[in-house]
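A look at the structure
Chain by chain, the residues run as shown.
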Amino acid sequence: MVLIEQLLTKDEVNAFRQHLDQVPWLDGKGTAMGMSASVKDNAQADANDDTVKQLANALLAKYGETPKLVSAVLPQKIFPPCFNRYTNGETYGFHVDGAIMRIPNSPDVLRSDMSMTLFLSEPDEYEGGELVIQTEFGEQRVKPQAGDAVTYPSSSLHKVTPVTSGVRIAAITWMQSLVSDTHIREILYELDQNIQQLANNDSVERAQLDSLHHVYHNLIRKHAQL
Ligand SMILES: O=C(O)CCC(=O)C(=O)O
Ligand SMILES: [Fe+2]
């Protein structure tokens, strides 16, 4: 699980929220796949609405230029983000996300390797609404600032606890990674994060950095599936 802080600035969050106040919202069950429909109780912005499409495209562009996201996910394909909303005790019980997703208005399909929630409500705007993810180290519960995103393997069981007061709005997406193996992706992420830190350290020799870049890119060459 990786927390990406301030993926959006507060001004950007406010702009998204203002647009989302104006768009049509539908029952979230309409887009739930298979078994997740029985545990899904929320609303979703109408993905066929032109404003919603524009907002989703703006986020897609933003995701592609967020270094920490690119490093953690190594995205090959990103599903156009969906906007969801929980209020009045709404919740999404434990589920895993569908493995294969059809990209809307395209013949293309995507394998969901990583899922991501971008929080568009401040934590003090709602009670409950924690994103709970089961990991090999136990349950992780997150409720970060508006503008922050959390990405986690799509194969992990996760849920959103009931929103008992206020409103929780978020953008959800699924990504196919160039590296399908979660463990190798995690190793590559750790290596890249360390290289980035060393690159900012003046006492590190250029030749050492070059060598680490060489290692990183050769590992990508070995493991990326195009
Ligand atoms: O609202 C969230 O944070 C997660 C939603 C979710 O798990 C899903 O749409 O598959
Ligand atoms: Fe999910």
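Just so it is clear, the model here is predicted, and its values are computed rather than measured. (Residues numbered from 1 in each chain as written. Chains lettered and ligands numbered in written order. Predicted model: local features only at pLDDT ≥ 70, side-chain atom pairs only at ≥ 80, totals over all residues. Heavy atoms only, no water.)

**Quick notes on the domain arrangement of the protein**
Domain boundaries in the protein define domain 1 (2-177) and domain 2 (182-223). Placing a centre on the C-alpha atoms of domain 1 and another on those of domain 2 gives a separation of 29 Å. Opposite the 10 residues of domain 1 that make contact, domain 2 presents eight residues. Between domain 1 and domain 2 lies a buried interface of about 700 Å² when both sides are counted; carbon and sulfur atoms form 57% of it. Scanning the region where domain 1 abuts domain 2 turns up zero salt bridges. Inspection of the domain 1/domain 2 interface yields two residue pairs in polar contact (both at pLDDT 80 or more). No other element matches helix α3 (residues 67-73), which puts four residues into the side of domain 1 that touches domain 2. (Domains from an automatic or database assignment. Contact = heavy atoms within 4.5 Å. Buried area = accessible area lost by both parts, 1.4 Å probe. Salt bridge = Lys/Arg side-chain N within 4 Å of Asp/Glu carboxyl O. Polar contact = N/O pair within 3.5 Å; in protein donor to acceptor, adjacent residues only side chain to side chain. Helix = DSSP H or I, 4+ residues; strand = E, 2+ residues; numbered from the N terminus.)

**Structural notes on the packing of aromatic side chains**
Overall, the coordinates contain two aromatic pairs when judged by the stated rule. Ring centres of Phe16 and Phe83 lie 6.4 Å apart, and the angle between their planes is 35°; on these two criteria the pair is classed as tilted. Of this pair, Phe16 sits in helix α1 (residues 10-20) while Phe83 sits in strand β6 (residues 82-87), and the two are 67 residues apart along the sequence. By relative accessible area, which is 0% here, Phe83 ends up buried. Cation over ring: Arg85 sits above Trp25, and NZ or CZ is 4.5 Å from the ring centre. If you follow Lys143 out to its NZ or CZ, it ends over the ring of Tyr126, 4.3 Å from the centre. (Phe/Tyr/Trp six-rings, centres within 6.5 Å; stacked < 30°, edge-to-face > 60°. Buried < 20%, exposed > 50% of the residue type's maximum accessible area, 1.4 Å probe, protein only. Lys NZ or Arg CZ within 6 Å of the ring centre and 35° of its normal.)

**Here we look at the pattern of salt bridges**
Under the defined criterion, the tally for this structure stands at eight salt bridges. With a shortest N-O distance of 2.8 Å, Glu122 and Lys10 are connected by a salt bridge. Remark: Lys10 occurs in helix α1 and Glu122 occurs in the loop between β10 (114-119) and β11 (126-128); sequence separation between them is 112 residues. Note that Asp210 is salt-bridged to Arg206, the shortest N-O span being 3.1 Å. On the criterion of helical spacing, the pair formed by Asp210 and Arg206 is a turn pair, its members being four residues apart in helix α5 (residues 206-223). For Arg206, a relative accessible area of 61% corresponds to the exposed category. Salt bridges sharing common partners tie together Glu130, Glu139 and Arg141.

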